[in-house]
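Given next are the chains, with one letter for each unit.
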Amino acid sequence: SLAMTKDFIEPTSIKILDYLNEALQTIQGIEGQDVRRANCRMGIGNYYNNIGDTDTALAHFKQAAETFEQNYRLASMGNCYSNMGSCYLKMNDLANGEKYLEKALDLRMKFGSPDELCISYFNMAVLNRQKEDFLLCEEYLYKALKIAEETGNKRMVARINDKLNELTQAKRQLKAA
């Protein structure tokens, strides 16, 4: 909980890593804590992703995903796949990015919260922007925007509107060329 709170306030704080490693030490060797350890691993992956160490983040997300899969934690699998897909996009590995983002979207359509589904639509927009499929990118952005507005997620509405503005600029540049 301390790590999540710190991540919300200051996503690159080393305290996040300290809290999560302390949590892992606390539950080390205790039976039945696999899912908690996986949640800590996912948090550690988020920290490394936030500071730009995508390779380390991906390694932690893969570890967490394996545990979530073994324990059939569908919502957590969706979150982990979403994080993995985003890492692959940052690495410009569009094939793996698409594979994991589609898996996340599928799970989130069935088991996710509206906010999680919104993030998946947004991530699919980012993927399609990188693939230069402006039409599909725009479609996903509007799906995400609808959810963000309905849930009152002002931060996400702003991010989506920024992406829509970037997309509009890219389309103008393409027409001008």
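Being a predicted model, the structure only gives us computed values, none of them experimental.

Asker: What should I look at first to understand the packing of helix α3 (residues 34-50) against helix α4 (residues 54-70) in this one?
Answerer: Any two packed helices are characterised by how steeply their axes cross, that is the angle between the axes, and by the distance between the axes. Orientation of α3 relative to α4, taken along the N-to-C sense of each, is 160°, at an axis distance of 8 Å. When the interaxial angle is binned, α3 and α4 end up roughly antiparallel. Crossing angle aside, the handedness with which α3 passes α4 is left-handed. Between α3 and α4, the residues in contact are D34, V35, A38, N39, R41, M42, I44, G45, N46, Y48 and N49 and T54, T56, A57, H60, F61, Q63, A64, T67 and F68, respectively.

Asker: For this particular structure, what's the right way to read the environment of I27?
Answerer: You can see I27 is positioned in helix α2 (residues 14-27). Residue classification places I27 among the buried positions, given a relative accessible area of 13%. The residues touching I27, leaving out its near neighbours within four places in the chain, are Q33, R36 and R37.

Asker: How do you make sense of the packing of helix α7 (residues 114-130) against helix α9 (residues 154-176) when you look at a structure like this?
Answerer: Packing of α7 against α9 leaves a shortest axis separation of 12 Å and a crossing angle of 20°. If you check the angle between α7 and α9, you find them roughly parallel. Read as a crossing pair, α7 and α9 show a hand that is left-handed. For the pair formed by α7 and α9, the contact residues are C118, I119, F122, V126 and R129 on the first element and M156, R159, I160, K163, L167 and A170 on the second. Looking at side-chain class alone, the contact of α7 with α9 contains eight nonpolar, no polar and three charged residues.

Asker: Quick question: what am I supposed to make of the pattern of salt bridges here?
Answerer: Proximity of charged atoms lets side chains of opposite charge pair with each other. Under the criterion given, the structure shown has eight salt bridges. A salt bridge links K171 to E138; the nearest nitrogen and oxygen atoms lie 3.3 Å apart. Within this pair, whereas K171 is found in helix α9, its partner E138 is found in helix α8 (residues 134-151), the two being separated by 33 residues in sequence. Residue classification places K171 among the partly exposed positions, given a relative accessible area of 27%. The shortest N-O distance in the salt bridge between E166 and K163 comes to 3.6 Å. One end of the pair is E166 and the other is K163, both in helix α9 and three residues apart, which spans about a single turn.

Asker: Looking at this model, I keep getting lost on α8. Mind explaining?
Answerer: Each turn of an α-helix holds 3.6 residues, which means side chains three or four residues apart point in the same direction. The end-to-end C-alpha separation of α8 is 26 Å, in line with the 26 Å expected for 18 residues at 1.5 Å each. For α8, the set of buried residues is F134, C137, Y140, L141, A144, L145, I147 and A148. Close packing links the buried residues of α8 with α6 (94-111), α7 and α9. At the C-terminal side of α8, G152 shows a positive phi close to 75°.

Asker: Sorry, what's going on with the packing of aromatic side chains here?
Answerer: Here a ring pair, both rings aromatic, is described through the centre-centre distance and the interplanar angle of the planes. All chains considered together, the criterion is met by four aromatic pairs. Consider the rings of Y47 and Y48, whose centres lie 5.3 Å apart with planes at 70°: the pair is edge-to-face. For Y47, a relative accessible area of 6% translates into the label buried. When its relative accessible area of 19% is taken as the criterion, Y48 is described as buried.

Quick notes on the rules
- Residues numbered from 1 in each chain as written.
- Predicted model: local features only at pLDDT ≥ 70, side-chain atom pairs only at ≥ 80, totals over all residues.
- Heavy atoms only, no water.
- Axes fitted to C-alpha atoms, helices over the stretch in contact; angles between N-to-C directions.
- Helix = DSSP H or I, 4+ residues; strand = E, 2+ residues; numbered from the N terminus.
- Parallel < 35°, antiparallel > 145°, perpendicular 65-115°, else oblique.
- Left-handed = near helix turned anticlockwise from the far one by under 90°.
- Contact = heavy atoms within 4.5 Å.
- Buried < 20%, exposed > 50% of the residue type's maximum accessible area, 1.4 Å probe, protein only.
- Nonpolar A, V, L, I, M, F, W, Y, C, P; charged D, E, K, R; others polar.
- Salt bridge = Lys/Arg side-chain N within 4 Å of Asp/Glu carboxyl O.
- Expected span 1.5 Å × (residues − 1).
- Phe/Tyr/Trp six-rings, centres within 6.5 Å; stacked < 30°, edge-to-face > 60°.

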